[in-house]
Number of protein chains: 2
Amino acid sequence: MNYELLLKQNNLKITPQRLGILQLMHEAGHISIEELFASIKKQFSSISLATLYKNINAMLETSLIKEVKAPEVKARYEISKTPHAHLVCHVCGEFKDIHFDVVHVAHTIADTSGYTINDTSLIVSGTCPKCQ
Amino acid sequence: MNYELLLKQNNLKITPQRLGILQLMHEAGHISIEELFASIKKQFSSISLATLYKNINAMLETSLIKEVKAPEVKARYEISKTPHAHLVCHVCGEFKDIHFDVVHVAHTIADTSGYTINDTSLIVSGTCPKCQ
DNA sequence: TAGTTAGATGATAATAATTTTCTTTTAAGT
DNA sequence: ACTTAAAAGAAAATTATTATCATCTAACTA
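Residues numbered from 1 in each chain as written. Chains lettered and ligands numbered in written order. Predicted model: local features only at pLDDT ≥ 70, side-chain atom pairs only at ≥ 80, totals over all residues. Heavy atoms only, no water.

**Student:** I tried to follow the layout of surface pockets on my own but got confused; where do I start?
**Tutor:** Left-over empty space is what a probe sized like a water molecule reveals as it rolls over the atoms. Looking at the largest pocket, its volume works out to about 680 Å³. Around the largest pocket, the lining comprises 34 residues; the ones closest to its centre are Pro71 of chain A together with Lys66, Asn118, Asp119 and Thr120 of chain B. Of all the secondary structure elements, the ones that give two or more residues to the lining of the largest pocket are α4 (49-61), β1 (65-68), α5 (102-113) and β5 (116-127) of chain B. Looking at the lining of the largest pocket, the element that brings in the most residues is β5 of chain B, giving seven residues. (1 Å grid on protein atoms, 1.4 Å probe; cavity = no way out; pocket = protein on both sides within 12 Å on 5 of 7 lines; lining within 4 Å. Points joined across faces, edges and corners; volume = space filled by probe spheres on them. Helix = DSSP H or I, 4+ residues; strand = E, 2+ residues; numbered from the N terminus.)

**Student:** It is not clear to me how the protein's contact with DNA strand D should be interpreted in this structure. Could you clarify?
**Tutor:** Every one of the 20 residues lining DNA strand D counts as a neighbour, but Ile14 and Tyr53 of chain A together with Thr15, Arg18 and Lys54 of chain B are closest to it. Here, DNA strand D places atoms within 4 Å of the protein, and 74% of those atoms are sugar or phosphate. Here Gln17 of chain B contributes a side-chain N or O atom positioned 3.0 Å from a sugar or linking oxygen of DNA strand D. Contacts to DNA strand D include Arg18 of chain B, whose side-chain N or O atom sits 2.9 Å from a phosphate oxygen. (Near = heavy atom within 4 Å. Polar contact = N/O pair within 3.5 Å; in protein donor to acceptor, adjacent residues only side chain to side chain.)

**Student:** Just checking my understanding: could you explain the domain arrangement of chain A for this structure?
**Tutor:** By a widespread convention, an interface's size corresponds to the accessible area lost as its parts come together. All names here are of chain A. Under the domain assignment used here, chain A contains domain 1 (3-79) and domain 2 (85-131). Here the C-alpha centroids of domain 1 and domain 2 sit 22 Å apart. Across the contact, nine residues belong to domain 1 and nine residues belong to domain 2. Across the domain 1 to domain 2 interface the summed buried area is about 680 Å²; carbon plus sulfur atoms make up 64%. Run the count over domain 1 and domain 2 and you get one salt bridge. (Domains from an automatic or database assignment. Contact = heavy atoms within 4.5 Å. Buried area = accessible area lost by both parts, 1.4 Å probe. Salt bridge = Lys/Arg side-chain N within 4 Å of Asp/Glu carboxyl O.)

**Student:** Even after reading the chapter, I still don't get the sheet that holds strand β4 (residues 95-98) of chain B, so can you show me in this structure?
**Tutor:** Working definition: the strands of a sheet are paired by backbone hydrogen bonds and lie parallel or antiparallel to each other. The strand order across the open sheet built from six strands is β4(A)-β3(A)-β5(A)-β5(B)-β3(B)-β4(B), with neighbouring strands paired in mixed fashion. Of all strands in the sheet, those bounded by a partner on one side alone are β4 (95-98) of chain A together with β4 of chain B. Here the strands of the sheet are splayed against their neighbours by 25 degrees on average, with no regard to which way each runs. Direction of pairing for strand β5 (residues 116-127) of chain A relative to β5 of chain B: antiparallel, over a ladder of 11 bridges. Bridge pairing links Ile117 of chain A to Gly126 of chain B in β5 of chain B. Across the sheet, helix α5 (residues 102-113) of chain A is in contact with β3 (85-89) and β5 of chain A together with β3 (85-89), β4 and β5 of chain B; its angle to β5 of chain A comes to roughly 125 degrees. (Pairing = 2+ DSSP bridges. Axes fitted to C-alpha atoms, helices over the stretch in contact; angles between N-to-C directions.)

**Student:** Mind showing me how you'd approach the relation of the copies chain A and chain B here?
**Tutor:** Both copies of the chain are related by a screw-like operation: a rotation about an axis and a shift along it. Rotating chain A by 180 degrees and translating it 0.0 Å along the rotation axis places it on chain B, where the RMSD comes to 0.1 Å. With respect to symmetry, the two chain copies, as superposed, fit the operation of a two-fold axis. Among all residues of chain A, the minimum C-alpha distance to the rotation axis is found for Leu122 of chain A, at 2.2 Å. (Least-squares fit on C-alpha atoms with pLDDT ≥ 70 in both.)

**Student:** Looking at this model, I keep getting lost on the side chain of Thr120 of chain A. Mind explaining?
**Tutor:** With respect to the element layout, Thr120 of chain A can be found in strand β5. Among the residues examined, Thr120 of chain A registers a relative accessible area of 12% and is labelled buried. Excluding its chain neighbours within four sequence positions, the residues that come into contact with Thr120 of chain A are Val102 and Ala106 of chain A together with Leu122, Ile123 and Val124 of chain B. (Buried < 20%, exposed > 50% of the residue type's maximum accessible area, 1.4 Å probe, protein only.)

Pasting the structure below:
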């Protein structure tokens, strides 16, 4: 994945810290602020938490990344992809993407409600097969 | 709505503060901590924010109430009802219930994923007809 | 390729959000 | 009424997030 291009397309300067953040986010799939901070410190031992927050906010504003807010648990961040849903195991805490047609759901709801939809968040929580 | 019964069924003591919180939550439909605190102080001028948090947490634990976490905005709380979805207008901030069959969605996902589902959160954000 | 500049970083302080602690009070069962 | 476990309220403590500011660097230009 070309993170430099991704930043450039979003009018964000390319910095080693940002590349590191995106790399970690990509590897983890879905990562919380604290996990991200713990990991990024291995590469940039003096990185500031403020820098992390500022970058997360900058990338959220341009929609380069997305915030996933599931009930009960801390927010996690992912690189924006085609719309999809999430599955969370409340035992092991793992997040998974699921290819569920959220766009279709959004259209249905738009039609009946008269709203102009620009985001659909579908998060299903339960126990994964391993944890049952 | 019988809040005393609701509390009793959840093994929570009936206190005037709790009745007030439930009343306000019911009237507002979906309410944030700060809104709730501002409103409840009109009835109980010396209520502590700690009391509010403790009660919210106690009621969440028994599932008497539910936390609705939408992207971009603060969490809101509602009295638990039959499963439904939410529509949020990011202009006026209003939350609305929508009668979308989230249980059916959960079943579909359970079947293909092998997860045991116990919660489904579907939140659609956009612009409401008034705000367009 | 050096010079310029807007924007990024990191340190720290400030603010906001939430939880803990502890003493006093009260709900609810004897 | 008496007892007791739990709740309320005040305050402090903790955690999360944002703001400030001096220094540094990415990226553009001559």
